[in-house]
Structures are given as C-alpha cells and as structure tokens.
Amino acid sequence: MGKVQAEYIWLGGGKELRCKTKTLDEVPASVEDLPVWNYDGSSTGQAPGEDSEVLLKPCAIFNDPFRGAPHILVMCSCHLPDPDAPKGLGAPIPTNTRSAAEEIFTKIKETEPWFGIEQEYTLFEADGTTPFGWPKGGMPGPQGPYYCSVGAENAFGRPIVEAHYSACIFAGVTIAGINGEVMPGQWEYQIGPCTGIDSGDHVWMSRYILLRVCEQFGVIVSWDPKPIPGDWNGAGCHTNFSTKAMREKGGYDKIIEALERLGAPGKQEEHIAAYDASGGEDNKRRLTGLHETAGIEKFTYGVANRGCSARIPRMTEKEKKGYFEDRRPASNMDPYIVTSKICETCVLPDFAQVDSP
C-alpha cells in the first residue's frame, strides 16, 4: 500500500491556523492510531525558545480535498510534553481551548447539545484592503442587491465559495449550505448540526479549508467582524443551539429557561467577553443596534427578531419545541469557547447537584 500524507492542523498563539505534513505508512483506522507529533512553539508565540517543544494531539480526522484519497487532514490540540503521562501528553497549553470545552461537553453528554453555526466572512483582493469585487479606491452601490444575489454585478467570488463548499463536502465537514451576504464580497456558510465538541472541530476545519481554497485563487479571507466601517453590515457567527429536551415535545419551556439564564445578571458581559477574538473589543464595532444586530450593553430575546441578542424562530414558537439562535458571536469567535460557554450557562447548572459532594 502507498504512503499517506497527514496534514496536522492546530491553532497558533493568535488563534491563527497552522499546519504541517507527516508521512504515514498506512491509513489510520481511528484517530487514536495517529502518532503524537510536535512543533516549535517559539515560532508560533506559544513557547519560549529555551523550551520550545509543543505536542500535537490528533483529535479528529477529515478527508483531504486537496491531495485526495487516501490522504487526510487532522485537527489537533496542543499540549505540554510530560514524559510520565500517557503518550507523553501533558497539560493543555494556554491557547488550547478545545480541552476545556471537551470537559464541559463530557459532563453534559446526555443532553445531546446540537449546534448550527453560521460563519460569515469577507473576501479581499490580494492587496488586503479592497473587498473582493469592489472598485479599487472606490465604493460599490449601497447594500440591497447583494444578499443571496445572482449575476456578476452583485455576486463577487462565487467560484471561490463553490470550491470551498465542494471541498468541505469531500472532507466530511458537516456543511449545511451557503449564501451571499448583505455586504458585497461577503458570504456565509453554515456548519451543523453537530453535537458537542464536533462543532468546534468542524468549524475550525472549514476555516482551514477556506484559507487553502483562497490561496489557490490569490484571494484573502477576513474574519473581521466589521471589516469596512460605515453603513455596511458586519460579519457574525450566529450560533443556533438546542438540547434533546428542547427538541422534544414541551421543549419551549426549556428554551425560555436557557434564554433567561443567558440574561441573568453579569451574563451579558461574561458572554460578550467570550464571543470574539479580543475579549469583546471587536464586537463593540459590530453590535451597535444597527445592521441586524442588538446593542452590546443588554441581553434581549424575541421571536423572529433579528434586532435581539437571541432569536426564537417562528416555527419553534409554533411547535413549542426546537432551538434558538444566539446572534452575538462575531465572525472571528473561537467555536470551542462559544459552544462550551453556551452550555456552561444554559445546561451545566442542571448538573450542579450531581457534581456537588
């Protein structure tokens, strides 16, 4: 049998995606069969030069859409070395948010938390300053015709979007759909439904694949929540959430209970700090109460209201079961942090008595 190329992928010190390739003798039967690897953490801002080794723990396997079968993509978490620990894997390094999220999901596994994440992003020309399709040094026509648009005059970058969509499907990423967004050059794809920790793995892998596709087109992808100031929509990562109880008959009461927990004193500030890449600073530019957002200061929820912090779909209200959408997460959010934070607030309190002595 021929060799297998395994692309190990991880998050660097600034939550940027990093990767390198390892040659294997055969296709691994499971993620447990993949070897632990290492990298120079001093070159990614994650370790000092005098003790630079960081270990890569394989966590999830995807098909490689760029090299084709039998090659694979491997989502990894980052750990300190520990010669006395199994496989030499020590504690998670500070930028490893997956391990903490997995702890929460393990505790609430029986609730079967589902996530559907709407990843918005903006394409830029290679100069890094001109949104894709915009006139250099100028502005396109105002917002209105670009959302879910067709035609070369309105839809900028569709070949890139379609290539990404197909690559995600080949990889085994749970991608649910795509659409053009309100600002020209801005697009969205949806990841889910995924259960628990799988949501973060699939979102990060989808981002990696998009970056690789954009490499081939010579285009830059921006995750900035407000890439262009002024009367233009920002970019979010709306997070749809439900548990098994919410999806079953009578689940509407559990949805309202979760939303009330999100609105409890101090929770708005706590979640805003977790919902972008800068502790809430990026969302200050996006969550203004304009452009289909709620204000950043106060948590609100409503039925079919895209001006609220969280939206209850009409069908959920009608059927008295289903899910809700948290509209606050920014496009550059860490899905491990956001999904586990929602569960920490909305679900984990139900397990407090179980955890107490």
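Residues numbered from 1 in each chain as written. Predicted model: local features only at pLDDT ≥ 70, side-chain atom pairs only at ≥ 80, totals over all residues. Heavy atoms only, no water.

Asker: Whenever I open this one, the nonpolar core confuses me. Can you help?
Answerer: One recurring pattern in soluble globular proteins: nonpolar side chains tend to sit buried together. Formed by 62 residues in total, the largest nonpolar core has its most connected members in Met75, Tyr121, Met205, Ile209, Phe241 and Phe324. Not counting the four nearest positions on each side in its chain, Met205 is found in contact with Ile9, Phe62, Leu73, Val74, Met75 and Val173. If you look at the next biggest cluster of nonpolar residues, it comprises 17 residues, including Ala6, Trp37, Tyr39 and Cys78. (Core = buried A, V, L, I, M, F, W, Y, C linked by side-chain atoms within 4.5 Å. Buried < 20%, exposed > 50% of the residue type's maximum accessible area, 1.4 Å probe, protein only. Contact = heavy atoms within 4.5 Å.)

Asker: I keep staring at the packing of aromatic side chains and nothing clicks. Help me out?
Answerer: Two aromatic rings, taken as a pair, are described by how far apart their centres are and by the angle between their planes. On inspection of all chains with the given rule, the structure shows 10 aromatic pairs. When the ring of Phe115 is compared with that of Phe241, the centres are 5.2 Å apart and the planes differ by 35 degrees; the resulting orientation is tilted. Pair noted here: Phe115 is in strand 7 (residues 114–124) and Phe241 is in strand 11 (residues 237–242), with a separation of 126 residues, a long-range link. By relative accessible area, Phe241 is classed as buried at 1%. When the ring of Tyr121 is compared with that of Tyr189, the centres are 5.9 Å apart and the planes differ by 55 degrees; the resulting orientation is tilted. In this pair, Tyr121 is assigned in strand 7 and Tyr189 in strand 9 (residues 186–195), connecting sequence segments 68 residues apart. In this structure Tyr121 comes out as buried when scored by relative accessible area, which is 0%. One aromatic cluster is present, formed by Phe105, Phe115, Phe241 and Phe324 through successive ring pairs. In this arrangement the basic side chain of Arg207 is found over the ring face of Trp204, its NZ or CZ atom lying 4.7 Å from the centre. (Phe/Tyr/Trp six-rings, centres within 6.5 Å; stacked < 30°, edge-to-face > 60°. Helix = DSSP H or I, 4+ residues; strand = E, 2+ residues; numbered from the N terminus. Lys NZ or Arg CZ within 6 Å of the ring centre and 35° of its normal.)

Asker: Got a minute to help me understand the side chain of Ser149 in this structure?
Answerer: Tracing the sequence through the fold places Ser149 in the loop between strand 7 and helix 2 (158–171). Note on Ser149: relative accessible area 10%, which makes it buried. From its side chain, Ser149 meets the backbone oxygen of Tyr146 in a polar contact 2.9 Å long. With sequence-adjacent residues up to four places away left out, Ser149 is seen in contact with Asn154, Ala155 and Arg158. (Polar contact = N/O pair within 3.5 Å; in protein donor to acceptor, adjacent residues only side chain to side chain.)

Asker: In this structure, what is going on with the packing of helix 3 (residues 198–217) against helix 9 (residues 335–346)? I would like to understand it.
Answerer: When two helices pack together, their arrangement is given by the angle between their axes and by how far apart the axes lie. Two numbers describe how helix 3 lies on helix 9: the axes approach to 8 Å, and their chain directions differ by 155 degrees. Comparing their axes, helix 9 and helix 3 come out roughly antiparallel. The hand of the helix 3/helix 9 crossing is right-handed. Taken together, the residues of helix 9 that come into contact with helix 3 (itself represented by Ser199, Gly200, Asp201, Val203, Trp204 and Arg207) are Pro335, Tyr336 and Thr339. Of the residues in the contact of helix 3 with helix 9, the class split is four nonpolar, three polar and two charged. (Axes fitted to C-alpha atoms, helices over the stretch in contact; angles between N-to-C directions. Parallel < 35°, antiparallel > 145°, perpendicular 65-115°, else oblique. Left-handed = near helix turned anticlockwise from the far one by under 90°. Nonpolar A, V, L, I, M, F, W, Y, C, P; charged D, E, K, R; others polar.)

Asker: Explain the pattern of salt bridges to me, please; I cannot follow it from the model alone.
Answerer: Working definition: two side chains of opposite charge can pair if their charged atoms are close together. This structure, assessed with the given rule, holds 23 salt bridges. Across the salt bridge formed by Arg98 and Asp201, the nearest N and O atoms sit 2.9 Å from each other. In this pair, Arg98 sits in helix 1 (residues 98–107) while Asp201 sits in helix 3, placing the two residues 103 residues apart along the sequence. With respect to class, Arg98 is no different from Asp201; both count as buried. Counted as one network, the salt bridges with shared partners bring together Lys254, Glu257, Arg261 and Asp350. (Salt bridge = Lys/Arg side-chain N within 4 Å of Asp/Glu carboxyl O.)

Asker: When you look at the environment of Lys15 in this model, what are you seeing that I'm missing?
Answerer: Mapped onto the elements, Lys15 comes out in the loop between strand 1 (4–11) and strand 2 (17–24). For the pair Lys15 and Ile256, spaced 241 residues apart in sequence, the C-alpha separation works out to 33 Å. Excluding residues that lie within four positions of it along the chain, Lys15 makes contacts with Thr95, Thr97, Trp204, Asp334 and Ile337. A polar side-chain atom of Lys15 sits 2.9 Å from a polar atom in the side chain of Asp334.

Asker: What is the right way to look at the environment of Gly144 in this model?
Answerer: As for its placement among the helices and strands, Gly144 is situated in the loop between strand 7 and helix 2. Taking the C-alpha atoms as reference points, Gly144 and Thr44, 100 residues apart in sequence, are found 41 Å from one another.

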